[in-house]
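# Residue-level structure breakdown
Residue-level listing of the chains:
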Amino acid sequence: MDHCPEAVARELDAPFPLDAAARTRFREQGYLKVPGVFSAETVAWIDGVVTALVAAKNPLAGVPMESRDTYGKAFIQVFNLWLESPAGRRVGHSRRLAGMATDLLGTSGVRMWHDQALFKEPGGGHTPWHADQQYWPMQSALCCTAWIPLHAVPLEQGPLSFAPGSHLKKIGRDLAISDDSERLIREALSTEGIREAIEPYALGEVSFHLGWTLHRAGPNTTVSPRRVHTVIYMDEAMRLAPPRNSWQEADHRAWTPSTAVGEVMDDPLNPVLFTGARGA
Ligand SMILES: O=C(O)CCC(=O)C(=O)O
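Residues numbered from 1 in each chain as written. Predicted model: local features only at pLDDT ≥ 70, side-chain atom pairs only at ≥ 80, totals over all residues. Heavy atoms only, no water.

Take His209: it is sitting in strand E7 (residues 206–210). Judged by its relative accessible area of 2%, His209 falls in the buried class. Along the primary structure His209 and Cys143 are separated by 66 residues, whereas in three dimensions their C-alpha atoms are 8.5 Å apart. A polar contact of 2.9 Å, which involves the side chain of His209, links it to the side chain of Asp132. (Helix = DSSP H or I, 4+ residues; strand = E, 2+ residues; numbered from the N terminus. Buried < 20%, exposed > 50% of the residue type's maximum accessible area, 1.4 Å probe, protein only. Polar contact = N/O pair within 3.5 Å; in protein donor to acceptor, adjacent residues only side chain to side chain.)

Printed below as a string of C-alpha cells:
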C-alpha cells in the first residue's frame, strides 16, 4: 500500500481552486462542504492506507461497545498517521488539502496541528456537539479541520453536521465532548435560532470547519464502519497560547512539545504543509 499510483500522487498535490463565494461562505458559516475534491481512485487509495493503519493501531480493539462511555462509543481515534508510513505521510501532507485550508483561512500558509482517523463503528453512537478549539492552546482562531470521508456517507452512517455561524457566537466554548456538551449546546443553539445543517457526503466530497464552529455527528445505524480521516491545519504563524484547561495542557505536550508559550509552533510535529500565494 506504500506504492502510490502516479495519478493519485498528482491529485493529492495538485491545486484545487476555490472561488470567492466559497471563501465568503466559509467565513460566514464557519464551514464549507466541497464536492469532487478527490476522484474515486484517490479516495479508494486513501481508504486502503488509512483503514490498514487503523486496524493495526485501534486503541479500542476488543473493548465491547456497551462498556464504553459516550466518547468511546462515538469513534475509534488513531492519531498522526502521517508519522506511521510513507503512504500515511502522503495523505496527511496532501498539498491540495493544505492549499485549500490556506485559501479558506486567508493565511500565507498552514502547518500541521495533527491528523487523526475517526472511524464510527457499526452501532457506534453519536458524536456530541462541541467546538474543537477548546482543546487547542492557540493564540488565534486561524485553524481548521479537513474532514475526509473514505466513501460516500449517507445520513444513517453519521455524517458530520454543523451549526452555521456558530463560530461567531460564544456557545459551549468551555465544554469537552460529553453528554453535557450535547445537551447544553443543543439548548443554546435552539435559543439562538440556529438549526443543525446536516447532509450526506458524496464520494470525493471533503468538508472544512473552523476550530470554533460547533459540530456533531449522528450514530452509525448501518452495518459498515463510517471511515473518515481528518487533517487539522493552523496558520503557519500560529503561536502557543497559555493552556486554559487540562486538555490544552495535554495537547501542548502531545502536539507541539518543544514550543514554549508565546512562540510560533515550529516543532518537528508541526511542519509547514503549504506556503505561498492563495490557492497556488
Ligand atoms: O467524525 C466525527 O464523528 C467527529 C469529527 C470531529 O469532531 C472533528 O473532526 O472535529
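Here the focus is the pairing of strand E3 (residues 109–120). Along E3, 12 of the 12 residues are buried, which leaves the element largely enclosed by surrounding structure. Alignment of strand E2 (residues 76–79) against E3, held across four bridges, turns out to be antiparallel. In the strand pairing of E3, Gln77 is matched with Leu118. Across three bridges, E3 lies against strand E10 (residues 272–275) in antiparallel orientation. The partner of Val110 across the bridge, within E10, is Phe274. Of the pairings in the sheet, the one linking E3 to strand E9 (residues 226–235) comprises 10 bridges and is antiparallel in character. The partner of Met112 across the bridge, within E9, is Tyr233. (Pairing = 2+ DSSP bridges.)

Near the ligand there are 14 residues, and of these Thr127, His130, Trp147, His215 and Arg226 occur at the shortest range. Take Thr127: an N or O atom from its side chain is 2.7 Å from an oxygen atom of the ligand. Contact with the protein chains hides 96% of the accessible area of the ligand, taken as 290 Å² for the molecule alone. Residue classes in the shell around the ligand are distributed as five nonpolar, six polar and three charged. (Near = heavy atom within 4 Å. Areas by Shrake-Rupley, 256 points an atom, 1.4 Å probe, with all protein chains shown as cover. Nonpolar A, V, L, I, M, F, W, Y, C, P; charged D, E, K, R; others polar.)

On to the packing of helix H1 (residues 6–13) against helix H3 (residues 40–57), then. At a closest axis distance of 9 Å, the pairing of H1 and H3 adopts a crossing angle of 95°. In terms of orientation, H1 lies roughly perpendicular with respect to H3. Contacts from Ala7, Val8, Glu11 and Leu12 of H1 reach H3 at Glu41, Thr42, Trp45 and Ile46. A class-by-class count of the residues in the contact of H1 with H3 yields five nonpolar, one polar and two charged. (Axes fitted to C-alpha atoms, helices over the stretch in contact; angles between N-to-C directions. Parallel < 35°, antiparallel > 145°, perpendicular 65-115°, else oblique. Contact = heavy atoms within 4.5 Å.)

This part covers the pattern of salt bridges. Opposite charge on two side chains permits them to pair, given that their charged atoms come into close proximity. This model, assessed by the stated rule, comprises 11 salt bridges. With a shortest N-O distance of 2.8 Å, Arg23 and Asp103 are connected by a salt bridge. With a gap of 80 residues between them, Arg23 in helix H2 (residues 20–29) and Asp103 in helix H6 (residues 95–105) connect regions that are remote in the sequence. Judged by relative accessible area, which is 15%, Arg23 ranks as buried. A salt bridge links Lys169 to Glu192, with the nearest nitrogen and oxygen atoms 3.3 Å apart. Taken together, the residues span a long stretch of sequence, with Lys169 in the loop between strand E6 (160–162) and helix H7 (179–192) and Glu192 in helix H7 at a distance of 23 residues. (Salt bridge = Lys/Arg side-chain N within 4 Å of Asp/Glu carboxyl O.)

The next thing to look at is H3. Its 18 residues place the ends of H3 26 Å apart at the C-alpha level, agreeing with the 26 Å of an ideal helix rising 1.5 Å per residue. Inspection of H3 places Thr42, Val43, Trp45, Ile46, Asp47, Val49, Val50, Leu53 and Val54 among the buried residues, and these make up the whole buried set. Contacts from the buried residues of H3 go to H1, E2, helix H5 (86–92), E3, strand E5 (143–149) and E9. (Expected span 1.5 Å × (residues − 1).)

So, about unusual backbone geometry. Trans is the common state for peptide bonds, and a negative phi is the common state for residues other than glycine. A positive phi angle is found at Asn80, which is not glycine, with a value near 45°. Exposure remark for Asn80: the relative accessible area of 6% places this residue in the buried category.

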